[in-house]
Amino acid sequence: MRYVDRIGTIPNTDPDNALILGTALHTGIEEGVAQALEFYQNSFPVLTDEHINEMIKLEALIPKAAALLPPGGRFELPIGNADFIGFMDYLAPVFKDTFLGLNYYDLYDFKYSNNSKSYLESGQLHEYKYWFELTHPNCIIRNLYFLFVPKVKIRQKGTETLIQFRDRLTEALADATPWVEQVQYNPLKVVDFLTDAKHILEATDYPKKPNHFCGWCEYEEFCMKGWDYMLLPENKRRTPDATKKKVVWVYGAPFSGKTFFANSFPDPLMLNTDGNIKFVDAPFVSIKDTVTVEGRITKRKLAYEVFTEAVDELEKKQNTFKTIVVDLLEDVYEACRVFICERQGWKHESDDSFRAWDMVRSEFLNTLKRLLNLDYENIVLISHEDRTRDLTRKGGDKISSIKPNLQDKVANKVAGMVDLVARIVADDNERVLSFKASEVIFGGGRLTVHNKEIPLDYAAFCEVYEEANQKATKKPAEAPGAEPQVNTPPTPGTPPADQPNEPAQDGEKGEGDGKPEAADPVQLPTCPDAERIFRQHEENPDIPLCPSIDAAHRCHKDGGPEKCPLWDRPKPEEEAPMMGVNTTKPQTAEPPAQTPTRRTRRKREES
């Protein structure tokens, strides 16, 4: 589903996400604890106490793991040729046999896991040794090692505070010790790998094989419910189109203008849960329990059933609405809870805590996903703001978090479905739409927004999407070195762009009289460093732009860029020695002491 059909899933933002924790561990061993914690924090839209607990574990375990590695080695070393690509976590030199011209190394791979047995039986290190020695004939990997970093799994008791739990966690981490285990090389592991790869490449049918691992798979529901898969598109590159569909999640304090803002969208339909629609004129469907009496029989339709029926009707597209608004999202989730408990005969999720919470979340997210996939111009989700929860830092001090009034696990999943998460900030009569995000403010999205605060206005909101569209489609006007189509002030002594450069009539005094005529802007040289300067200013407005550069990256300074002392000229680069990666030509030399340009683990994941 992932690699053949290219079917994506909502990113997993749980604090104990194995992929994120593993990458953070690798980053910490290679670059340091600070870099590992920075990577971990930046991988989540908002941090909770559970995230802080995982950061405490990383901070304690990374130095212990790094101390077990011999010095002088190289991290993330690429290996392979046209048939194989791999990245070794750590390659440590052992000794050099000058008589035979051989170089010996030890190979280490890092695992953040308590399950060492399954890794010791895997063929990973055997394949690394085979392909490295194949592409480096004079190099031999002597020993294969796994560096295991244990996962400390203790839970907070109901009778202890968070500080008491973290004191107990610190004691457990003091006793946790990473260890190294050696693996004996087995060439048959490489044969098994090549055989399996051959079968995978030749496979045309992928039968389901349900087993105990299915519960860990992010495709479990998609696979086990027997949904049909869409046909793959033609293998032909397409020109990115502008984003016409806007999907946004807006939250804010009560009476901050959320519903009023949603009402400004074209042709809206409100799926309203709280009845707070007195001051807007949009048509609405009331999401609430309905009771009907037929003779002596009283029938009750739950609010969530009303919501799902509305989604069913919207899927038919037999209407002229352009905007669908869910107001409020947390009320729909609560209605889903009541519906599942009623269906299962529970009074609360704790009656079947092993599966109840997942059943409620899955039902809610699947229905919401159906709604967000509908082909309407705008879909707006509205939530109240919640400031009742505190984030406890490592030092014990608490700071209030600002997030939508929705459970953290559900909120993170919803954030992965929308384009933008925006917060309405009301100060007296002034209201703005804020896209700021930090460790305590829930926000962000997949679109890059230049202005972090805009007026609470539909036209200003559309400009945000237009800005994102221009970046996504990469129009020629936005290409480096081209003239952006923006309104820039004319250079002194030159006429506006929409007026011809005509001389002043007799008796009239032209703007440029008494001043030397300025050069034609089109002929001005382009600053080689302009792209970096504008990018830095966009990321941090406190960094000023160069006054000699205009919006088209043209330099107005006398002498041009060559006379500019601020130009960050590139240093001459020495040609990096070849490593034999992705080439079938064998190498007879020792791997160079200078580390070649490499792709880090994070860059590989992004690609």
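Scroll up for the structure.
Throughout this description, residue numbers start from 1 for each chain and increase along the sequence as written. With the structure being a predicted model, the display of local features is reserved for residues of pLDDT at least 70 and the display and counting of side-chain atom pairs for 80 or more, all residues being used for whole-chain, interface and lining totals. Processing note: side-chain calculations cover all non-hydrogen atoms of the structure and skip hydrogens and water entirely.

As for the overall build of the chain
Here is step 1: Put simply, DSSP H or I for four residues or longer makes a helix, DSSP E for two residues or longer makes a strand, and each gets a number counted from the N terminus. Scanning the chain from terminus to terminus reveals 16 helices and 19 strands.
Here is step 2: Taking all 607 residues of the chain together, 39% fall into the buried category.
Here is step 3: Across the chain, every contact between residues at least 6 apart in sequence was considered, and the portion connecting residues at least 24 apart equals 65%.
Here is step 4: Looking at the chain as shown, the accessible area adds up to about 36,600 Å², and 51% of this sits on carbon and sulfur atoms. Exposure is judged per residue with a 1.4 Å probe applied to protein chains only, and the accessible area is read against the type maximum: over 50% gives exposed, under 20% gives buried, and values in between give partly exposed. In what follows, residue pairs with any heavy atoms lying within 4.5 Å of each other are defined as contacts. What sets the accessible areas is the Shrake-Rupley method with a 1.4 Å probe; for residues, cover comes only from the shown protein chains.

Re the packing of aromatic side chains
Here is step 1: Think of it this way: a Phe, Tyr or Trp ring, Trp meaning its six-membered ring, pairs with another when their centres are within 6.5 Å, and the plane angle makes it stacked under 30 degrees, edge-to-face over 60, tilted otherwise. This structure, assessed with the given rule, holds 23 aromatic pairs.
Here is step 2: On the basis of an interplanar angle of 35° and a centroid distance of 5.6 Å, the ring pair of Phe146 and Phe148 is categorised as tilted.
Here is step 3: Exposure remark for Phe146: the relative accessible area of 1% places this residue in the buried category.
Here is step 4: Among the residues examined, Phe148 registers a relative accessible area of 0% and is labelled buried.
Here is step 5: With a centroid separation of 5.2 Å and 90° between ring planes, the pair formed by Tyr333 and Phe364 is classed as edge-to-face. One end of the pair, Tyr333, is in helix H11 (residues 329-344); the other, Phe364, is in helix H12 (residues 356-372), with 31 residues separating them in the sequence.

A short note on the side chain of Glu54
Here is step 1: With respect to the element layout, Glu54 can be found in helix H3 (residues 49-66).
Here is step 2: Ignoring sequence-local partners within four residues, the contact set of Glu54 consists of Pro15, Asp16, Leu21 and Tyr40.

Description of the sheet that holds strand S4 (residues 139-149)
Here is step 1: With mixed pairing, the five strands of this open sheet are ordered in space as S1-S2-S3-S4-S5. Because the sheet does not close on itself, it has two edges, and the strands there are strand S1 (74-81) and strand S5 (179-183). Pairwise comparison of adjacent strand axes, ignoring direction, gives a mean angle of 45° for this sheet.
Here is step 2: Axis angles are defined between N-to-C directions and span 0 to 180 degrees, where every axis is a line fitted to C-alpha atoms and, for a helix, only to the segment in contact. On the sheet, helix H1 (residues 18-31) packs against S1, strand S2 (84-97), strand S3 (102-112) and S4 and is oriented at approximately 135° with respect to S3.
Here is step 3: The strands touched by helix H5 (residues 124-135) within the sheet are S1, S2, S3, S4 and S5, with S4 carrying the most contacts at an inclination of about 150°. Whether two strands pair depends on DSSP finding at least two bridges between them.

Quick notes on the packing of helix H10 (residues 303-315) against H12
When two helices pack together, their arrangement is given by the angle between their axes and by how far apart the axes lie.
Here is step 1: Look at H10 against H12: their axes get within 10 Å of each other, and the N-to-C directions meet at 30°. When the axes of H10 and H12 are compared, the pair comes out roughly parallel. Note on packing geometry: the crossing formed by H10 with H12 is left-handed. Within the contact between the two elements, H10 uses Tyr304, Phe307, Thr308, Val311, Asp312, Leu314 and Glu315 and H12 uses Glu363, Phe364, Thr367, Arg370 and Leu371.
Here is step 2: Here the term charged refers only to Asp, Glu, Lys and Arg, the term nonpolar to Ala, Val, Leu, Ile, Met, Phe, Trp, Tyr, Cys and Pro, and the term polar to all other amino acids, Gly among them. Grouping the constituent residues of the contact of H10 with H12 by class yields six nonpolar, two polar and four charged. The scheme is simple: roughly parallel for angles under 35 degrees, roughly antiparallel for over 145, roughly perpendicular for 65 to 115, oblique for anything else. With the far helix as reference, a near helix turned anticlockwise by less than a right angle produces a left-handed crossing, and one turned clockwise produces a right-handed crossing.

Section: the pattern of salt bridges
Here is step 1: Whenever a carboxyl oxygen of Asp or Glu lies within 4 Å of a side-chain nitrogen of Lys or Arg, that contact is scored as a salt bridge. Across all of its chains, the model carries 21 salt bridges by this definition.
Here is step 2: Here Lys111 ties to Asp109 by a salt bridge, and the two come within 3.1 Å at their closest N and O atoms. In this pair, the class of Lys111 matches that of Asp109, namely buried.
Here is step 3: Across the pair Asp289 and Arg300 runs a salt bridge whose closest N-O atoms are separated by 3.7 Å. Highlighted residues: Asp289 in the loop between strand S8 (284-286) and strand S9 (290-294) and Arg300 in strand S10 (residues 297-301), separated in sequence by eleven residues.
Here is step 4: A residue is classified by how much of its surface remains accessible, and Asp289, at 37% relative accessible area, is partly exposed.
Here is step 5: Residue Arg300 is classed as exposed on the basis of its relative accessible area of 55%.

Topic: the nonpolar core
Here is step 1: As used in this record, nonpolar core signifies buried Ala, Val, Leu, Ile, Met, Phe, Trp, Tyr and Cys residues forming a set joined through side-chain atoms within 4.5 Å. Grouped together as the largest cluster of nonpolar side chains are 47 residues, with contacts concentrated most on Trp249, Phe364, Leu381 and Val414.
Here is step 2: Sorting the residues of this core by element identifies strand S6 (246-252), strand S7 (268-272), H10, strand S11 (323-327), H11, H12, strand S12 (378-386) and helix H13 (408-415) as the ones contributing at least two each.
Here is step 3: Broken down by element, the residue count for this core peaks at eight residues, all from H11.
Here is step 4: Those residues within four positions of Val414 in sequence are excluded, and the remaining contacts are Trp249, Leu329, Phe364, Leu365, Leu368, Leu381 and Leu406.
Here is step 5: Core analysis: the second largest hydrophobic core is formed by 35 residues, Phe44, Met55, Tyr108 and Leu169 among them.

Points about the pairing of S3
Here is step 1: Judged by how many residues are buried, S3 sits mostly within the fold: eleven of eleven residues are covered.
Here is step 2: Going residue by residue along S3, you find Leu102, Tyr104, Asp106, Tyr108, Phe110 and Tyr112 tucked away on one face and Asn103, Tyr105, Leu107, Asp109 and Lys111 tucked away on the opposite face as well.
Here is step 3: Direction of pairing for S2 relative to S3: antiparallel, over a ladder of seven bridges. Bridge pairing links Pro93 to Tyr105 in S3.
Here is step 4: Adjacent in sequence and paired antiparallel, S2 and S3 are bridged by four residues, among which Gly101 carries a positive phi angle near 70°.
Here is step 5: In terms of strand pairing, S3 meets S4 through ten bridges, oriented parallel. In the sheet register, Tyr112 faces S4, and the bridge partner there is Val149.

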